[in-house]
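# Observations on the model geometry
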Amino acid sequence: MTNNNFHDVTPDDFNGFEDVPTYAEGGSTSRIRPANTSDIYQRTGKTAPTEVFPSSISQPTEMIEPDYAAMPAPVAEPAYIEPAYVEEPVATAVDARRGTIDLGLLLLRFVLGGYLIFSAIQTFFQLGASQGIAGLEAQFGAYAYGNALAVIVPTLELAAGVFIVLGLLSPVASMVAIAVTGFMAAHTAANTGTGFNPVAWGADVWLAVILLGVALAHQFTGPGFYAVDSGRDWARRPLASSWIFAALGIAAAALMWWFGTGINPFA
């Protein structure tokens, strides 16, 4: 066999295998291999390997024990709480009818507002026994600002009276009425010399005090439904606004007296 071509092999090509083992009678084998005999790589036409790579040996993996202490504690299931049933109170119908209250408030507004309007018109136009603004200037002559007060007082009376009769801006109108009637009550008590002594008060002082009380009552009751402000809250249920405007009205009366006259009527 030339050039290691297996297609042209002949029987003579197999005579050179002296390294074939022989068997003796005792069962032992012997192999005779000449020194110049070609090895397996030469006969097959392959070259011997020049490098030998060791087989990779896998290292045993280390077993890691889990850290049970670092694990979160199991969450307990929430306990079932039976809901408590509360009986709702039965709503009772409220009678929203007001009866004759609104009619009474209308009459109250006509009396208070009508008196203030008539007093102012009588002063401005000198009607009846009124001496007009000149008469008020004479009455307020002892005051520091008597001439100014003679114009301010009837003006406030007219404005408050008109708004009270109409039932318009009732908290503000009542505040102005409280201021002017409070000032006139102090003025009347000072002129009569009775001071803060109800037993010695005459009809003029009592009339001024009653007008002040009616103005305060109107502030806390509101104008009612028979008014321009019937849709407002203060027409039916005046709350905080009544206290605020009542306090402002009393404060305004005190300021008018303090700065306008500078006299203590109860001294």
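Identification of the chain as DoxX family protein from Corynebacterium sanguinis is taken from an unreviewed UniProt entry. Heading Subcellular location (unreviewed entry) of the UniProt record for the chain holds this comment: "Cell membrane". Quoted straight from UniProt, the Sequence similarities (unreviewed entry) entry for the chain says "Belongs to the DoxX family."

According to UniProt, the "transmembrane region" (unreviewed entry) feature falls on residues 106-125, 145-169, 176-193, 205-228 and 240-259. Split by type, residues 106-125 is 100% helix and 0% strand. Its first and last C-alpha atoms lie 27 Å apart.

A word on helix α4 (residues 146-166). Spanning 21 residues, α4 covers 31 Å between terminal C-alpha atoms, matching the ideal 30 Å at 1.5 Å per step. Those residues of α4 that fall on the buried side of the exposure criterion are Gly146, Leu149, Ala150, Val153, Pro154, Glu157, Ala160, Gly161 and Ile164. Within α4, the buried residues cover an arc of 135° as seen down the axis, which keeps them to one side. Two residues or fewer past α4, Gly167 is found with a positive phi of approximately 70°.

A few words now on a nonpolar patch on the surface. Taken together, Ile121, Phe124, Phe125, Leu127, Leu158, Val162, Phe163, Leu166, Leu169, Val172 and Val228 make up a surface patch of nonpolar side chains, about 870 Å² in accessible area. Elements with a contribution of two residues or more to the nonpolar patch: α2 (101-125) and α4. Here Leu169 shows up in the loop between α4 and α5 (170-192). The partly exposed category is assigned to Leu169, whose relative accessible area is 41%.

Rules of the game
- Starting from 1, residues in each chain are numbered consecutively following that chain's sequence as written.
- Only residues with pLDDT of at least 70 get local features here, since the model is predicted, and only at 80 or more are side-chain atom pairs given and counted; chain-wide, interface and lining totals rely on the full set of residues.
- Computation of side-chain values: all heavy atoms of the structure, hydrogens and water removed.
- UniProt positions are given in the numbering used here, feature names are shortened, and annotations may be inferred rather than shown by experiment.
- The secondary structure listing takes helices from DSSP runs of H or I that are at least 4 residues long and strands from runs of E that are at least 2 residues long, numbered from the N terminus.
- Working rule for helices: expected span equals 1.5 Å times residues minus one.
- Type-normalised accessible area, obtained with a 1.4 Å probe on protein chains alone, sets the label of each residue: buried when under 20%, exposed when over 50%, and partly exposed for intermediate values.
- Arc definition: directions from the helix axis to the C-beta atoms.
- Patches were defined on residues exceeding 30% relative accessible area and lacking a salt bridge, with like-charge contacts within 9 Å and nonpolar side-chain contacts (Val, Leu, Ile, Met, Phe, Trp, Tyr) within 5 Å.
- Surface accessibility follows the Shrake-Rupley procedure with a 1.4 Å probe radius. Residue values consider only the protein chains on display as shielding.
- The working definition used for a salt bridge is a side-chain nitrogen of Lys or Arg within 4 Å of a carboxyl oxygen of Asp or Glu.

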